[in-house]
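Architecture and fold: a report
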Amino acid sequence: MPLSERALIERIRRRASSRKFSAITRGIGDDCAVLDPPPGHELLVTTDFCLENVHFRREWHPAKAVGHRCLVRGLSDIAAMGGDPLAAFLSLALPAEIPQKWVDGFFDGLLALAERWKVPLAGGDIAQSPQGVMADIMVLGSVPRGKAILRSGGKPGDVLYVTGTLGLSVAALQAFRAGKKPTAKSTPRHFFPDPRIDIGRLLRERKLATAMIDLSDGLSTDLSHICDESGVGAVVYATSVPYVGGENGLEFALNGGEDYELLFTANPRARVPKEIDGVPVTAIGEIVQRRGMWLEDKRGKVAKLRPRGWEHFRGEKK
Ligand SMILES: Nc1ncnc2c1ncn2[C@@H]1O[C@H](COP(=O)(O)OP(=O)(O)O)[C@@H](O)[C@H]1O
Ligand SMILES: Cc1ncc(C[n+]2csc(CCOP(=O)(O)OP(=O)(O)O)c2C)c(N)n1
Ligand SMILES: [Mg+2]
C-alpha cells in the first residue's frame, strides 16, 4: 500500500523542491504551477504515457528504471525540437497494492534524471489506479522564437543522420522474453537512456538540422513521420545503419523502438560532426523527392522499406 494521497504529495513536494529554478515562479502546492519562460522563446509542450505491461513490466524493470524511462520520453521529445526542458509534470495512478518502496524507487529514478538535466518536477496529479501503474509525463521546454526544428523541414537531397547505436533497447526486451535477465549494466540504453538534449540544441544552434524526430517507435516508423510531414521520400543504406551485430541486429535497428536517439536531415553542404559529446552521428541515407521509403543493401539492391516499428493496437509482438 502506498502512503495516503496527501502524504505522498508532501513527500514528492519535499523531494522535488523547485526553488532553485528561475523559470518556476510557483511549483508544487497550488492549483497551477506558474512558469516564467525565457524572453524571446516559444514554449514546447509534450506528453507521453508510461503504462505497466505496455511500456514496462514490474517484474522486468526496476522501479528506478521505470521512473527514469518515464521522464526520458518527454525529455527526448524536447531534444528532438532542439529545445531546452523547462519543467516536468507527472500524473501518476497507482494500484492500491503497490508497495511504497516501489513508488520511492520510481521517484529515485525520475528525480535523479530531472536533477541531471536541471528540470524541476513542477506539478502533477495522484490517483488510485484500478489496475497497473499508469504514469503520464508532461514536459515543457523552450526554444528561441521560430527556431524549433520540425519534422516538416526535410528537402530532397538532404542527408539523413542518426545519433548513437540503434536496436539495443528492443534487444533487451527480446532477452527478457527469452527468459534471460538483462541488466542496466549489460544494456544501459534500455534501462537508463540519456536524452540527447545537448545534441539537439547544438544541431539547432549551428543550424545543421532541417528536420528532426526522436526515435521512440523505431527508425522505419519515425522516418515515415519525417517523410509524411516533409512531403518527401527517403533511401536508407542498410550497411550504414549503426547497430550491434547479431542475426536480428538490422531488424531491431529498423523496427525495434525506444532508442531515444535523434534522427535528422541536413543539407549535404552542412558540416555535421561525426561525433557530438562522444556520441557517434552517422549518415545513413538521403531524402528523395519521390514519396516512399527504400532500403539499399550492400550490393546496391533496393527494396521497399515499410514502417514496421511499434504501433499501439497492433497486438503485442516485440
Ligand atoms: N490523444 C491525443 N490528443 C491530441 N493529440 C494527440 C493525441 N495523441 C497524440 N497526439 C499528437 O499526435 C502527434 C504524434 O504523436 P506521437 O506519434 O505519439 O508522437 P511522439 O512519438 O513524439 O510521442 C503529436 O503532435 C501528439 O501531440
Ligand atoms: C512490457 C513492454 N513491452 C513492450 C515494450 C516495447 N514498447 C512499448 S511502447 C514502444 C514504443 C514507444 O512507445 P509509444 O507510446 O508509442 O511512444 P511515443 O512514440 O508516443 O513517444 C515500445 C518499443 C516495452 N517497453 N515494455
Ligand atoms: Mg506519443
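Below is a summary of the structure that appears in this document. (Residues numbered from 1 in each chain as written. Chains lettered and ligands numbered in written order. Predicted model: local features only at pLDDT ≥ 70, side-chain atom pairs only at ≥ 80, totals over all residues. Heavy atoms only, no water.)

**A few points about the overall build of the protein**
Just so we agree on the cut-off: A run of H or I in DSSP becomes a helix once it reaches four residues, and a run of E becomes a strand once it reaches two; helices and strands are each numbered from the N terminus. Using C-alpha atoms as the atom set, the radius of gyration is obtained and then compared with a globule rule of 2.2 Å times the number of residues to the power 0.38. Between buried and exposed lies partly exposed: a residue is buried under 20% and exposed over 50% of the maximum accessible area for its type, with that area taken using a 1.4 Å probe on protein chains only. We call two residues in contact whenever any of their non-hydrogen atoms come within 4.5 Å of each other. Every accessible area reported is derived by Shrake-Rupley at a probe size of 1.4 Å, with residue values counting cover from the shown protein chains alone.
In terms of helices and strands, the protein carries 8 helices and 14 strands. What you see for the protein is a C-alpha radius of gyration of 20 Å, in line with the 20 Å of a compact globule of 318 residues. Along the longest, intermediate and shortest principal axes, the C-alpha atoms of the protein span 60 × 50 × 35 Å. Taken over 318 residues, the protein has a buried fraction of 53%. Of the contacts formed within the protein by residues at least 6 apart in sequence, a portion of 81% connects residues at least 24 apart. Counting every atom, the protein has about 15100 Å² of accessible surface; 51% of that belongs to carbon and sulfur.

**Section: the site of ligand 1**
The line we're drawing: We call a residue near a molecule or strand whenever a single non-hydrogen atom of that residue lies within 4 Å of it. Each polar contact in these results corresponds to two N or O atoms within 3.5 Å; when the atoms are within protein, one needs to be able to donate a hydrogen and the other to accept it, and residues that are neighboring in sequence are counted only if both atoms are side-chain atoms. Residue classes follow a fixed rule: Ala, Val, Leu, Ile, Met, Phe, Trp, Tyr, Cys and Pro count as nonpolar, while Asp, Glu, Lys and Arg count as charged, and any other residue, Gly among them, counts as polar.
Around ligand 1 sit Asp 48, Asp 77, Arg 151 and Ser 216, and those are all the residues in its vicinity. Between Asp 48 and ligand 1, the recorded distance is 3.2 Å, taken from a side-chain N or O atom to an oxygen atom. Residue Arg 151 places a side-chain N or O atom 3.1 Å away from an oxygen atom belonging to ligand 1. Burial of ligand 1 by the surrounding chains reaches 27%, relative to a free accessible area of 560 Å². Of the residues contributing to the shell around ligand 1, the split by class is no nonpolar, 1 polar and 3 charged.

**Regarding the pairing of strand β8 (residues 209-214)**
Here is the rule we go by: Here, strands pair whenever DSSP counts at least two bridges between them.
A large share of β8 lies buried, amounting to 5 of its 6 residues. The sheet contact formed by β8 and strand β10 (residues 262-266) spans 5 bridges and is antiparallel. Bridge pairing in β10 places Ala 211 opposite Thr 265.

**As for the sheet that holds strand β6 (residues 134-144)**
The condition that has to hold: Angles shown run from 0 to 180 degrees and are taken between the N-to-C directions of axes, each axis being a line fitted to C-alpha atoms and, for helices, limited to the stretch in contact.
In spatial order, the strands read β3-β6-β4-β5; together these 4 strands make up an open sheet with mixed pairing. The open sheet has two edge strands with one neighbour each: β3 (41-51) and β5 (121-129). Averaged over neighbouring strand pairs, the angle between their axes works out to 15° when direction is ignored. Two elements, β3 and β6, share 11 bridges in a ladder whose sense is antiparallel.

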